[in-house]
Amino acid sequence: SSQQHRGPSGIFCPSPRPRAAKMPRGERVIGTVTSWNMARPGKRNSEGFGFVTMDGYEQSKKTDLFLYADSIKDSKLRSEAKLFGLKNGIRVSFVVQEPKSAR
């Protein structure tokens, strides 16, 4: 199939926005990249970001997870995300975590 599964890639996603469905915190889950925004060229400290829909959840603003490229633990996948972006449909494994700040 055209979808790829990235094994234990070590992606860590902050909590969904806003709090809605009960999320599996601290355990490894699998999901699909649904959109990706590249970093703006020439912007200092800019990085790519996107959204992931967990398996078993409908794609929605209430349950999709936000992902910064810098949060990706697998160095090869992180470099790919920063340089080329992640394609919609890529399968990833990750651990849901609380955001470091409330912004």
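Residues numbered from 1 in each chain as written. Predicted model: local features only at pLDDT ≥ 70, side-chain atom pairs only at ≥ 80, totals over all residues. Heavy atoms only, no water.

Some remarks on the packing of aromatic side chains
Any pair of aromatic rings gets described here by the distance separating the centres and the angle formed by the planes. Applying the stated criterion to the full structure yields three aromatic pairs. A centroid spacing of 5.5 Å and a plane angle of 70° characterise the contact between phenylalanine 51 and phenylalanine 66, whose relative ring orientation is edge-to-face. Pair noted here: phenylalanine 51 is in strand 3 (residues 49–54) and phenylalanine 66 is in strand 4 (residues 65–68), with a separation of 15 residues, a long-range link. Among the aromatic residues, those joined into a cluster by ring pairs are Phe49, Phe51, Phe66 and Tyr68. (Phe/Tyr/Trp six-rings, centres within 6.5 Å; stacked < 30°, edge-to-face > 60°. Helix = DSSP H or I, 4+ residues; strand = E, 2+ residues; numbered from the N terminus.)

Observations concerning the side chain of arginine 91
For arginine 91, the position within the fold is in strand 5 (residues 91–96). Of note is the side chain of arginine 91, whose polar atom sits 2.6 Å from the side chain of aspartate 55. (Polar contact = N/O pair within 3.5 Å; in protein donor to acceptor, adjacent residues only side chain to side chain.)

Let's talk about the pairing of strand 2 (residues 28–37)
Inspection of the sheet shows strand 2 paired to strand 5 by five bridges, in the antiparallel sense. The residue of strand 5 that forms the bridge with arginine 28 is valine 95. Note: strand 2 against strand 3, six bridges, orientation antiparallel. What sits directly across from threonine 32, in strand 3, is threonine 53. (Pairing = 2+ DSSP bridges.)

Some thoughts on the nonpolar core
Judged by nonpolar contacts, the single largest core of 16 residues is most densely connected at Leu86, Val92 and Phe94. For this core, the secondary structure elements donating two or more residues are strand 2, strand 3, strand 4, helix 1 (75–83) and strand 5. (Core = buried A, V, L, I, M, F, W, Y, C linked by side-chain atoms within 4.5 Å. Buried < 20%, exposed > 50% of the residue type's maximum accessible area, 1.4 Å probe, protein only.)

Quick look at the environment of isoleucine 30
Here isoleucine 30 is to be found in strand 2. Isoleucine 30 sits in the partly exposed class, given a relative accessible area of 31%. Once the C-alpha coordinates of isoleucine 30 and methionine 54 are considered, the two residues, 24 residues apart in sequence, prove to be 6.0 Å apart.

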